[in-house]
Amino acid sequence: MNKPTKLILLLLSHVLFAVGGGVLGYLAHEKLVSSIAFVDEVALVSRAATYVDIQRAQGSTKDYKAALLAYLEVLEKYRHEPSVLFTERVHSVDKTLAYVRLARVAEAEGNRTEVASYSKNAVASCAGTGWKDCSKEKLWAITARLDKASFMGAGTNNERRGGSNVAP
């Protein structure tokens, strides 16, 4: 092999190495960016859910309601983001349960208009859950059971004072 051919082959190998490295670097960067976005999404939704549970257990009814509304905002923020974990069905379940809890808070406050509105939203979003029964009664029973077995293991302020857990 003559010297010019060797030089051309050496140059081509370096070009191919640089292009291949650039492509691999780009793919790694894209994967890293999507992984960071996913971790951010999981962290934000988890923090919002934990905040709701803490406010249910420790905060006032007003604080609990504000936390639920903030949680719905977080859910809407990530609704259309592609996600393996937060599918449309998961979004519907979380949204349904949040609306039922808001309706229960409104009932405790005696606000029938809000009870009706939040209950209607809960039943509407329940359609995306795949559940067989989306009646108001069934949804209220589900949230009551879930809230009683909260991962925080704490009852509401009202329960700790000896009252019933009618609302939050």
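Here the structure is a predicted model, which means the values were calculated and not measured.

A.B. asks: Is there a simple way to explain the overall build of the protein chain in this structure?
C.D. replies: For the protein chain, the count of helices and strands is 6 helices and 0 strands. Along the protein chain, helices (α) and strands (β) appear in the sequence α-α-α-α-α-α when read from the amino end. Buried positions account for 32% of the 168 residues belonging to the protein chain. Taking contacts inside the protein chain between residues at least 6 apart in sequence as the whole, the part at least 24 apart equals 66%. Counting every atom, the protein chain has about 10,800 Å² of accessible surface; 63% of that belongs to carbon and sulfur.

A.B. asks: Where do I start with the packing of helix H4 (residues 112-126) against helix H5 (residues 136-148) in this structure?
C.D. replies: Geometrically, a packed helix pair is captured by the angle between its two axes and the distance between the axes. With their axes 10 Å apart at the nearest point, H4 and H5 run at an angle of 90° to one another. Relative to H5, the element H4 is oriented roughly perpendicular. Residue-level inspection shows Val115, Ser119, Ala122, Val123 and Cys126 of H4 in contact with H5, the latter providing Lys136, Leu139 and Trp140.

A.B. asks: Hey, could you run me through the confidence of the model for the protein chain in this one?
C.D. replies: One rule of thumb: low pLDDT means the predicted coordinates there are not for detailed reading. For the protein chain, per-residue confidence averages 80 on the pLDDT scale, and 83% of positions sit at 70 or higher. Counting interchain partners and residues more than four positions distant, the pLDDT-below-50 stretch residues 156-168 has 28 contacts.

A.B. asks: I would appreciate a short explanation of a nonpolar patch on the surface in the present structure.
C.D. replies: Residues Leu11, Val15, Val19, Val23, Leu24, Tyr26 and Leu27 make up a contiguous nonpolar surface patch of about 710 Å² in total accessible area. Examined against the element boundaries, leucine 24 turns out to sit in helix H1 (residues 3-58).

A.B. asks: When you look at the packing of aromatic side chains in this model, what are you seeing that I'm missing?
C.D. replies: A ring pair, where both rings are aromatic, is described by two values, the distance of the centres and the angle of the planes. A complete count under the given rule lists 1 aromatic pair for this structure. Over the aromatic face of tryptophan 140 sits the side chain of lysine 136, whose NZ or CZ is 4.8 Å from the ring centroid.

A.B. asks: What should I look at first to understand the environment of alanine 57 in this one?
C.D. replies: For alanine 57, the position within the fold is in helix H1. Of the residues examined, alanine 57 reaches a relative accessible area of 2% and is grouped as buried. Separated by 90 residues in sequence, alanine 57 and aspartate 147 have C-alpha atoms that sit 9.5 Å apart.

A.B. asks: Help me understand helix H3 (residues 88-109), please; the structure alone is not making it clear to me.
C.D. replies: Residues separated by three or four positions in an α-helix point in the same direction, a consequence of the helix having 3.6 residues per turn. With 22 residues, H3 ought to run about 32 Å at 1.5 Å a step, and its terminal C-alpha atoms sit 31 Å apart, in line with that. Burial analysis of H3 places 16 of its 22 residues in the buried class, which makes it a mostly covered element. Positive phi shows up at glycine 110, right after H3, with a value of about 80°.

A.B. asks: Would you explain the pattern of salt bridges in this entry?
C.D. replies: Opposite charge on two side chains lets them pair, provided their charged atoms get close. In this structure the tally under the stated criterion is 6 salt bridges. Across the pair lysine 65 and glutamate 114 runs a salt bridge whose closest N-O atoms are separated by 2.7 Å. In this pair, lysine 65 sits in helix H2 (residues 61-78) while glutamate 114 sits in helix H4, placing the two residues 49 residues apart along the sequence. With a relative accessible area of 22%, glutamate 114 lands in the partly exposed category. Here arginine 101 ties to aspartate 147 by a salt bridge, and the two come within 2.8 Å at their closest N and O atoms. Taken together, the residues arginine 101 in helix H3 and aspartate 147 in helix H5 connect sequence positions 46 residues apart. Comparing arginine 101 with aspartate 147, the two get one shared label, buried. Here the salt bridges do not stand alone but share partners, grouping Lys65, Glu109 and Glu114 into one network.

Reading the values: the criteria
- Residues numbered from 1 in each chain as written.
- Predicted model: local features only at pLDDT ≥ 70, side-chain atom pairs only at ≥ 80, totals over all residues.
- Heavy atoms only, no water.
- Helix = DSSP H or I, 4+ residues; strand = E, 2+ residues; numbered from the N terminus.
- Buried < 20%, exposed > 50% of the residue type's maximum accessible area, 1.4 Å probe, protein only.
- Contact = heavy atoms within 4.5 Å.
- Areas by Shrake-Rupley, 256 points an atom, 1.4 Å probe, with all protein chains shown as cover.
- Axes fitted to C-alpha atoms, helices over the stretch in contact; angles between N-to-C directions.
- Parallel < 35°, antiparallel > 145°, perpendicular 65-115°, else oblique.
- pLDDT = per-residue confidence, 0-100.
- Patch = residues over 30% accessible without salt bridge, like charges linked within 9 Å, V, L, I, M, F, W, Y side chains within 5 Å.
- Salt bridge = Lys/Arg side-chain N within 4 Å of Asp/Glu carboxyl O.
- Phe/Tyr/Trp six-rings, centres within 6.5 Å; stacked < 30°, edge-to-face > 60°.
- Lys NZ or Arg CZ within 6 Å of the ring centre and 35° of its normal.
- Expected span 1.5 Å × (residues − 1).

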